[in-house]
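A look at the structure
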Amino acid sequence: MTILPAAGALAQVAEGRVYVRRIEFEGVTGIDDRVLRREMLQLEGAYLNTVSLDESLRRLEGLPYVASASAALRPVENGVVDIVVTIEESPARRYGGGGGYSESLRTSLHAYYIDENFLGAGRRLAFSLEGSELRSSAELSYTDPYARRGGVSRTIALESRRIERLTTDASPLDADLAGVTLEYGYPMALSGDAGRSAGPLGRLVRDARARLPTAEVRDRSPVLDEILESLQTTACCQSIRFGLDLRRAELAPSAGAGPQLLEWVAANGDRDDAGRTTQIAEADLRVGWRRDTRDRPIFAERGIEQTLSFGFALPGSDAEYYVADYDVTAYRPLGARWTARLRGRLGFGAAYGGDTTSLPPYLNWFAGGPLTVRGYRENGLGPRDGNGRPYGGNLLLSAQLELLTPWPERWRDRARVGFFLDAGNVFSTEDVAFTDDAGRRLDYGFDASALRTSVGLAAEVAIPLGILRVSYGIPLDADDDHPNPFLRDDVERFQISIGVDY
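Please read all numbers here as calculations on a predicted model, not as lab measurements. Along each chain, residue indices are assigned from 1 in the same order as the chain's sequence is written. Only residues with pLDDT of at least 70 get local features here, since the model is predicted, and only at 80 or more are side-chain atom pairs given and counted; chain-wide, interface and lining totals rely on the full set of residues. Values shown for side chains rest on all heavy atoms present in the structure; no hydrogens or waters enter the calculation.

**Observations concerning the overall build of the chain**
Operational definition: The numbering of helices and of strands both runs from the N terminus, where a helix is a DSSP run of H or I of at least 4 residues and a strand a run of E of at least 2. With a 1.4 Å probe rolled over the protein chains alone, any residue whose accessible area is under 20% of its type maximum counts as buried; one over 50% counts as exposed, and the rest are partly exposed. The contact definition used throughout considers only heavy atoms, calling two residues in contact when any of these lie within 4.5 Å.
Per the secondary structure count, the chain includes eight helices and 25 strands. Buried residues in the chain amount to 44% of all 502 residues. Across the chain, contacts joining residues at least 24 apart in sequence account for 62% of those joining residues at least 6 apart.

Laid out in structure tokens, this is it:
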């Protein structure tokens, strides 16, 4: 992105304020003009502001179908210029496939098609398919990033999923889920029309930057410019989402299913006469917040990524429950080569009212493995059903502290190795009856002494399928010799996963 003023325009700028008569776009073949204009903070008929123009070019290059953007000033008359923006387009359509692997989910394959600039209108159309021996899914979504003034986006999505097991070790579960989602996203950002109505913070940053009109002045005020940059980063990297999901699920536990799953099916939803199958229709209200100040999406070295989501099945749904999930990852450089990465996650869900006995089993959390507590069998910690298989729980606590460095140096953008300290577990705080094979009652409620910890070595490598994660963990407090196998921890020191999105 560059700004190239003509010699005459430079003379006009030196003499005083310059007005912009018109903004023109060149090199555009497949993008509607309005799609580009809504990214411009520099407006026609306004004073020339090189800061706003530079930010406009940054925003244009942030579009997935724009490879580069540059601007030139064309003198019209004394004190008036036109801005000519040259656009180099990049392919808007992407398609392909790949796969993944983890101990608990086994091998999976996926295919996708994405058009980031559907019909030239800057809208996103996406279709994906995924399948494995445990589950399969298909999803179609359509996003209009400027459905409302202020950069409010609207997404409509259709989804169909079939689940045969939640994990490799879990009891069999024959579940079919289908749903439609309507979601609106509200950016807390400086963006096109949103930049002019982004609230007090957006106006503060924009007005303050406007007082630094030239690079020369900004160079004389590096501290102030750094503060403004950090404020703008905070403003432009947050969003709030509101959505409504209409979902229908049919659960039919297969032979060998655990008693907890059978009891949930028999007590919830629209059950058949034998109580072996249940259908659940629900309307879910979804609220989410995301803030991302990382310096890069993969192998970040500084910044924080936070997501907070809340789901609430509206009263009258066949299953009435709520779910909250907070996930935060912070990055901080240590010296010239090392980066500290701290990740924490808290998830909780529960049924409400008197008709739903507990959180639906397919929404349970699991713990153990690459993204929770390494050194323990993936998804193997926490509650077990009456068959001794992982059942998951409604409360998840996990934390990971890692010290990472690029190695070898020539793979700096592709690989990290280092040390880790993990802690966490999953618990069941609802009224779910757990018993062992002898019929003795088991308590999987929250207990701080049940949090499991581990240390070890880890490596991450970016490959075409995603991120390859390899770790060797040493459990620090594993109860792997408990006399009751239902309370025994499964230790698994060496673990590997590829391209799995948890």
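There is more to say, and it comes next.
**Remarks on the nonpolar core**
The test is simple: In this text, buried Ala, Val, Leu, Ile, Met, Phe, Trp, Tyr and Cys residues form a nonpolar core when linked through side-chain atoms within 4.5 Å.
Formed by 33 residues in total, the largest nonpolar core has its most connected members in L166, L251, I280 and Y362. At the level of secondary structure, the elements contributing two or more residues to this core comprise β10 (174-187), β11 (238-252), α8 (259-267) and β15 (321-334). The greatest single-element share of this core, amounting to three residues, is contributed by α8. Contact partners of I280, with chain neighbours within four places excluded, come to R247, R248, A249, L251, W264, G269, D318, A319 and Y362.

**Overview of the pattern of salt bridges**
Under the convention used in this document: Counted as salt bridges are all cases of a side-chain nitrogen of Lys or Arg within 4 Å of a carboxyl oxygen of Asp or Glu.
Evaluation of the coordinates by the stated rule reveals 42 salt bridges. Linking E301 and R416 is a salt bridge whose minimum nitrogen-to-oxygen distance equals 3.5 Å. Remark: R416 occurs in strand β19 (residues 415-427) and E301 occurs in the loop between β13 (278-292) and β14 (303-313); sequence separation between them is 115 residues. For E301, a relative accessible area of 18% corresponds to the buried category.

**Side note on α8**
For an α-helix, 3.6 residues make a turn, and residues three or four places apart therefore share a direction. Note the following rule: The directions considered for the arc are those from the helix axis to the C-beta atoms.
Buried within α8 we find Q260, L261, W264 and V265. Seen from one end, α8 has its buried residues packed into an arc of 135°, which puts them on one side. Where α8 is buried, its residues meet β11, β12 (270-271), β13 and β20 (434-435). Backbone geometry just downstream of α8 places G269 in the positive-phi region, at approximately 80°.

**Digging into the environment of L334**
Checked against the element boundaries, L334 lands in strand β15. Residues L334 and R302, spaced 32 residues apart in sequence, show a C-alpha to C-alpha distance of 9.9 Å. If we skip the residues at most four places from it in the chain, L334 touches T339, A340 and L403.

**A word on the packing of aromatic side chains**
Note the threshold: Only centres within 6.5 Å qualify two rings of Phe, Tyr or Trp (six-membered ring in Trp) as a pair; their planes then separate them into stacked at under 30 degrees, edge-to-face at over 60, and tilted for everything else. We call a charge positioned over a ring when the NZ of a Lys or the CZ of an Arg lies within 6 Å of the ring centre and within 35 degrees of the ring normal.
With the rule as written, the count across this model stands at 10 aromatic pairs. Here W338 and F419 contribute two aromatic rings whose centre-to-centre distance is 6.1 Å and whose plane-to-plane angle is 15°, an arrangement assigned as stacked. Placement of W338 in strand β16 (residues 338-351) and of F419 in strand β19 is noted, with a sequence separation of 81 residues between them. Across from the ring centre of F420, 4.0 Å away, lies the NZ or CZ of R374, which sits over that ring.

**A short note on the side chain of R384**
Stated precisely, the cut-off is as follows: Two N or O atoms count as a polar contact when they lie within 3.5 Å, although within protein this holds only if one can serve as hydrogen donor and the other as acceptor, and sequence-adjacent residues are included solely when both atoms are side-chain atoms.
Structurally, the position occupied by R384 is in the loop between β17 (375-376) and β18 (395-405). For R384, a relative accessible area of 7% translates into the label buried. Within polar-contact distance, the side chain of R384 engages the side chain of D490 at 3.0 Å. Here R384 is in contact with R389, Y391, F434, Y444, P485, F486, R488 and D490, once residues within four sequence places are set aside.

**Focus: a nonpolar patch on the surface**
For the record, the criterion: Patch members must show over 30% relative accessible area and no salt bridge, and they are joined within 9 Å when carrying like charges or within 5 Å when they are nonpolar side chains of Val, Leu, Ile, Met, Phe, Trp or Tyr. In these tables, accessible area is a Shrake-Rupley quantity obtained with a 1.4 Å probe, and a residue counts as shielded only by the protein chains included in the view.
Residues F127, L129, L140, I156, L158, V180, L182, L244 and L246 make up a contiguous nonpolar surface patch of roughly 710 Å² in combined accessible area. At the level of secondary structure, the elements contributing two or more residues to the nonpolar patch comprise β7 (123-132), β9 (152-163), β10 and β11. Structurally, the position occupied by L158 is in strand β9. We classify L158 as partly exposed; its relative accessible area is 45%.

**Looking at unusual backbone geometry**
P408 follows W407 through a cis peptide bond whose omega is -5°. One non-glycine residue, N379, adopts positive backbone phi at about 60°. Relative to the helices and strands, N379 is located in the loop between β17 and β18.

**Details of the environment of R248**
With respect to the helices, strands and loops of the structure, R248 is situated in strand β11. Residues R248 and D318 lie 70 residues apart in sequence; the distance between their C-alpha atoms is 9.5 Å. If we ignore the near neighbours within four places in the chain, the residues touching R248 are D176, L177, A178, Q279, I280 and A281. Reaching out from R248, the side chain makes a polar contact with the side chain of Q279 at a distance of 2.5 Å.

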